[in-house]
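Topology and contacts: notes
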Amino acid sequence: EGGIVLSTEAMRTVRRIDPGIVFPEGTDERIVQAAASLKREGLGSPILLGPDDEITSTAADHDVDISDVELVDPVTARDERRYLTAYRDVRPVS
């Protein structure tokens, strides 16, 4: 697949600062693949939001390795306010 295209200098900068990137649609196949790609290429520390079981199931169904990707369920997370706003905009929380 295409992967991520950045200039060499941009890649060096991103790798140096290692930004945390929160993905509120953590159960979406495309998002899971993007997060795995970013982590594999050293272009940040992706955080997938959503129920852990749904995220891992999506990854397994599409043969995507997310073992190094942080998963956070905003409903049960200790610091849930940090994630809840982004998650609420994408998926209603009961």
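Above this text is the structure in question.
Once a new chain begins, its residue numbering starts again from 1 and follows that chain's sequence as written. Residues qualify for local features only when their pLDDT is at least 70, as the model is predicted, and side-chain atom pairs are given and counted only at 80 or more; totals for whole chains, interfaces and linings, by contrast, use all residues. Each side-chain value is worked out from all heavy atoms of the structure, with water and hydrogens disregarded.

Structural notes on the pattern of salt bridges
- In what follows, salt bridge is the name for a side-chain nitrogen of Lys or Arg lying within 4 Å of a carboxyl oxygen of Asp or Glu. The final tally for this structure, using the stated rule, is one salt bridge.
- Between R30 and D28 there is a salt bridge, with the nearest N and O atoms lying 2.8 Å from each other.

Quick notes on the pairing of strand β1 (residues 20–23)
- One requirement defines pairing of two strands: DSSP has to find at least two bridges between them. Helix and strand definitions here come from DSSP, where helices need a minimum of 4 consecutive H or I residues and strands a minimum of 2 consecutive E residues; each element is numbered from the N-terminal end. Of the strand pairs in this sheet, β1 and strand β2 (residues 45–49) are connected by four bridges, and their pairing is parallel. Residue V22 lies in a different strand from β2, and its bridge partner there is I47.
- Handedness rule for crossovers: strands pointing away from the viewer, path from the first strand over the helix to the second running clockwise, crossover right-handed. The parallel pair β1 and β2, bridged by helix α2 (residues 29–40), forms a crossover whose chirality is right-handed.

Things to note about the sheet that holds strand β3 (residues 70–72)
- Pairing in this open sheet of three strands is parallel, and the strands run β1-β2-β3 from one edge to the other. With partners counted over all chains shown, the strands left at the sheet margins are β1 and β3, one partner each. On average, each strand axis in the sheet is inclined to that of its neighbour by 25 degrees, with strand direction left out of account.
- As paired strands, β2 and β3 are joined by three bridges and run parallel to one another. Residue pairing in the sheet places I47 in a bridge with E70 of β3.
- Docked against the sheet, α2 engages β1 and β2, running at close to 160 degrees with respect to β2.
- In this analysis, two residues are considered to be in contact whenever any of their non-hydrogen atoms come within 4.5 Å of each other. For every element, the axis is a line fit to its C-alpha atoms; helices are fit only across the contacting stretch, and the angle between N-to-C directions ranges from 0 to 180 degrees. Sitting on the sheet, helix α3 (residues 52–61) is in contact with β2 and β3, with an inclination near 140 degrees to β3.

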